[in-house]
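Okay, here's what each chain looks like letter by letter:
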Amino acid sequence: MEETAKGHKKAEGPLRREFDIRTDLALEEKESFEGNGGELPGVVLKEKKTEGGSVKLTEVRILNEQGARAMGKPVGAYLTLEADELQTPDEDYHSHVADELAEQLKGLMKAAGWNQEKAPSLLVVGLGNRFVTPDSLGPRAVGNLRVTSHLVKDGIEGRKQAYPALSAIAPGVMAQTGMETAQILHGIIQETEPDLVIAIDALAARSVRRLATTIQLTDTGIHPGSGVGNHRHSLTRESLGVPVIAIGVPTVVGAAAIVHDTISALLGVLQENESSRSTGEWIRQMDPEGQYQLIRELLEPEFGPMYVTPPDIDQSVQQLSFTISEGIHRAVFENGKNI
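One numbering rule holds for all chains: residues counted from 1, following each sequence as written. A pLDDT threshold of at least 70 governs which residues receive local features in this predicted model, and a stricter bar of 80 or more applies before side-chain atom pairs are shown or counted, although totals over entire chains, interfaces and linings include all residues. Each side-chain value is worked out from all heavy atoms of the structure, with water and hydrogens disregarded.

**Notes on the overall build of the protein chain**
- The number of helices and strands found in the protein chain is 12 helices and nine strands.
- Split into buried and exposed, the 339 residues of the protein chain put 50% on the buried side.
- Per-residue accessibility takes into account occlusion by the displayed protein chains alone, with areas from the Shrake-Rupley method and a 1.4 Å probe. Counting every atom, the protein chain has about 16200 Å² of accessible surface; 50% of that belongs to carbon and sulfur. Numbering of helices and strands starts at the N terminus; helices are DSSP runs of H or I of at least 4 residues and strands are runs of E of at least 2. Here the term buried applies to any residue with accessible area under 20% of the maximum for its type, exposed to any over 50%, and partly exposed to those in between, with areas from a 1.4 Å probe on protein chains only.

**Re the pattern of salt bridges**
- A side-chain nitrogen of Lys or Arg and a carboxyl oxygen of Asp or Glu constitute a salt bridge if their distance falls within 4 Å. Within the structure shown, the criterion is met by eight salt bridges.
- A salt bridge links Glu47 to Lys56; the nearest nitrogen and oxygen atoms lie 3.8 Å apart.
- The exposure class assigned to Glu47 is partly exposed, which follows from its relative accessible area of 46%.
- Residue Lys56 is classed as partly exposed on the basis of its relative accessible area, which comes to 27%.
- In this structure, the salt-bridge partner of Glu59 is Arg61, at a minimum N-O distance of 2.5 Å.
- Among the residues examined, Arg61 registers a relative accessible area of 35% and is labelled partly exposed.
- Each of the salt bridges in this network shares a partner with another, and the network as a whole consists of Glu82, Arg209 and Arg210.

**Comments concerning the packing of helix α3 (residues 91-111) against helix α12 (residues 313-332)**
- Look at α3 against α12: their axes get within 7 Å of each other, and the N-to-C directions meet at 50 degrees. Classed by the angle they form, the pair α3 and α12 counts as oblique. Remark: the crossing between α3 and α12 carries right-handed chirality. Residues His94, Ser95, Val97, Ala98, Asp99, Leu101, Ala102, Leu105, Lys106 and Met109 of α3 form the contact with α12, whose own contacting residues are Gln319, Thr323, Ile324, Glu326, Gly327, Ile328, Arg330, Ala331 and Val332. Every axis in this analysis is a line fitted to C-alpha atoms, fitted for helices over the stretch in contact. Angles between the N-to-C directions lie between 0 and 180 degrees. Angles are sorted into four bins: roughly parallel if under 35 degrees, roughly antiparallel if over 145, roughly perpendicular if 65 to 115, and oblique for all others. Take the far helix as the reference: if the near one is turned anticlockwise from it by less than a right angle, the crossing is left-handed, and if turned clockwise, right-handed. Any two residues whose heavy atoms approach within 4.5 Å at even a single point are treated as in contact.

**Regarding the packing of helix α4 (residues 137-144) against α12**
- At a closest axis distance of 8 Å, the pairing of α4 and α12 adopts a crossing angle of 50 degrees. The angle between the axes of α4 and α12 places the two elements in the oblique class. When the axes of α4 and α12 are compared, the crossing they make is right-handed. When α4 is examined against α12, the residues Leu137, Arg140, Ala141 and Asn144 are found in contact with a partner set consisting of Asp314, Val317, Gln318, Leu320, Ser321, Phe322, Ile324, Ser325 and His329.
- In terms of residue class, the contact of α4 with α12 is made up of six nonpolar, five polar and two charged. All residues other than Ala, Val, Leu, Ile, Met, Phe, Trp, Tyr, Cys, Pro, Asp, Glu, Lys and Arg, Gly among them, are scored as polar; the first ten of these are nonpolar and the last four charged.

**Some points on α3**
- Between its terminal C-alpha atoms α3 stretches 30 Å, which fits the 30 Å expected from 21 residues at 1.5 Å a residue.
- If you check which residues of α3 are buried, you get Tyr93, His94, Val97, Ala98, Glu100, Leu101, Ala102, Gln104, Leu105, Leu108 and Met109.
- Buried positions along α3 lie against β2 (56-62), β3 (76-82), β6 (196-205), β7 (214-218), β8 (244-254) and α12.
- For this analysis, a polar contact is any N or O atom pair within 3.5 Å, provided that within protein one partner can donate a hydrogen and the other can accept it, and provided that sequence-adjacent residues contribute only side-chain to side-chain pairs. For α3, the side-chain oxygen to backbone nitrogen distance between the N-cap and Asp92 is 3.0 Å, and the N-cap itself is Asp90.
- One or two steps after α3, the chain reaches Gly113, where phi turns positive at roughly 100 degrees. Expected span, for any helix, means 1.5 Å times one less than how many residues it has.

**Comments concerning α12**
- The first and last C-alpha atoms of α12 sit 28 Å apart over 20 residues, in line with the 28 Å expected at 1.5 Å per residue.
- Counting buried positions over the 20 residues of α12 gives 15, a clear majority of the element.

Now the structure itself:
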């Protein structure tokens, strides 16, 4: 699991909730401020619907260090595709999402210096543990890619134009290799000299409704493992020496966050009924931070920092891995028509 930036720092002033529920999504981080985002200095939010309205695109752009401190994330662009029907096996819908993903990915790639006319090279990294279903998105997506580096090296017969060299690797996790992912990638990048790295990983969300229905892209790099509190070395332009674009999908949510939302909903129902208003009054009188901390104190000593995933996550991850790999194909190879 990953988080594109960790080490949250609370913003000064009344805008932000005073408690911090773990999330890898910049969109959810922005929503933790009043007014479903509010007017936060140094942070810009833009929303739009794609053609047909089936996919919602939200761009959170952190402009400066003031915004970075408030959000707890690096300066950069965070693009979120919300597609509620991603959990369905509708191939046409997944193809539509792949098109939108490719369009947004091409914009980030171009800003990172990607030039289709100069036979660029791309390294795709599938982060995560292929043997743990919610964490297997990266390796599965890499397994679906049609790599071309070996073809470009040997020459492609009949082609006169420049052709991108796509290579891919699923480096596993530290418990399997005994090495940091960053160490492995340093060696690969030194040998292959890619122009750009795309890292794919599973994320942790704040809201259950965003599990397996949301795709986040960012140009700020990635921090493997930090989404579930397991901090590893960063994969960024600064650490690897090449631009890094991250693609992630939330597949788990913290159990404490689910219980907190459930209690909030229950208290709302109790409040509506005059005969039950006194029930749980002491909980209602607590502020949201107090409620969340109480839940953590009750849950974590007994169960630890538990994370929850949907029962159909295997099917969801399999479908999403194809959608993401196809989006990369279409972004890299002229919408995928020449591979």
